[in-house]
Amino acid sequence: GDISLVVIDSASLNRVTEVRAANKDPRMITLVILPLNKLKRSHRWRLICNDGDGAEHLIDDVRKAIRTNMS
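Residues numbered from 1 in each chain as written. Predicted model: local features only at pLDDT ≥ 70, side-chain atom pairs only at ≥ 80, totals over all residues. Heavy atoms only, no water.

1. Some points on the environment of asparagine 69
Short version of the rule: Strands here are runs of E lasting at least two residues and helices are runs of H or I lasting at least four, both read from the DSSP assignment and numbered beginning at the N terminus. Residue burial is assigned from relative accessible area. The probe radius is 1.4 Å, only protein chains are included, and a residue is buried under 20% of its type maximum, exposed over 50%, and partly exposed in between. Whether two residues are in contact is decided by their heavy atoms: any pair within 4.5 Å suffices.
Topologically, asparagine 69 is positioned in helix 1 (residues 52-70). Since its relative accessible area comes to 42%, asparagine 69 is described here as partly exposed. Remark: the alpha-carbon pair of asparagine 69 and alanine 22, spanning 47 residues in sequence, is separated by 24 Å. Leave out the neighbours within four places in its chain, and asparagine 69 touches Leu13 and Asn14.

2. Considering the pattern of salt bridges
For clarity, the cut-off: When a carboxyl oxygen of Asp or Glu is within 4 Å of a side-chain nitrogen of Lys or Arg, the pair counts as a salt bridge.
In total, this model carries 2 salt bridges according to the counting rule given. Taking the shortest distance from any N to any O, the salt bridge between glutamate 18 and arginine 20 comes out at 2.5 Å. Using a relative accessible area of 29% as the deciding quantity, one classes arginine 20 as partly exposed. Notably, a salt bridge pairs aspartate 25 with arginine 27, separated by 2.8 Å at the nearest N-O pair. Residue class for aspartate 25 comes out buried when judged on its relative accessible area of 17%.

3. Side note on helix 1
Short version of the rule: How far a helix is expected to stretch is found by multiplying one less than its residue total by 1.5 Å. Taking the helix axis as origin, the arc is that swept by the directions to the C-beta atoms.
Between the first and last C-alpha of helix 1 there are 27 Å, a value that for 19 residues agrees with the 27 Å anticipated at 1.5 Å per step. For helix 1, the set of buried residues is Gly52, Ala55, Ile59, Val62 and Ile66. Mapping the buried residues of helix 1 onto a view down its axis gives an arc of 90°, with all of them on the same face. For helix 1, the exposed residues lying more than 90 degrees away from the buried face are Asp53, His57 and Thr68. Where helix 1 is buried, its residues contact strand 1 (16-21) and strand 2 (28-33).

4. Section: the nonpolar core
As a reminder, the rule being used: To form a nonpolar core, buried Ala, Val, Leu, Ile, Met, Phe, Trp, Tyr and Cys residues must be joined to one another through side-chain atoms within 4.5 Å.
Core analysis: the biggest nonpolar cluster contains 10 residues, these being Val16, Val19, Ile29, Leu31, Ile33, Cys49, Ala55, Ile59, Val62 and Ile66. Elements represented by at least two residues in this core include exactly strand 1, strand 2 and helix 1. When residues in this core are grouped by element, the largest group, 4 residues, is from helix 1. Dropping the residues within four chain positions of it, valine 19 is found in contact with Ile29, Thr30, Leu31, Ile59, Val62 and Arg63.

Below is the structure:
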């Protein structure tokens, strides 16, 4: 079938404060993004990968990218 994707949020890596495995399902990760305005709350996104290995790789890659961005 045809797949259509739409970007609903984006942020620079310096606004990503947390990336971690979700507690219940090894395929899920949680990504926390700081708001642009300090009067608003952080955004928490739950991403679902095809499998647990993919989720682990994504977490590792995002953490590496954040560390590289901070250097």
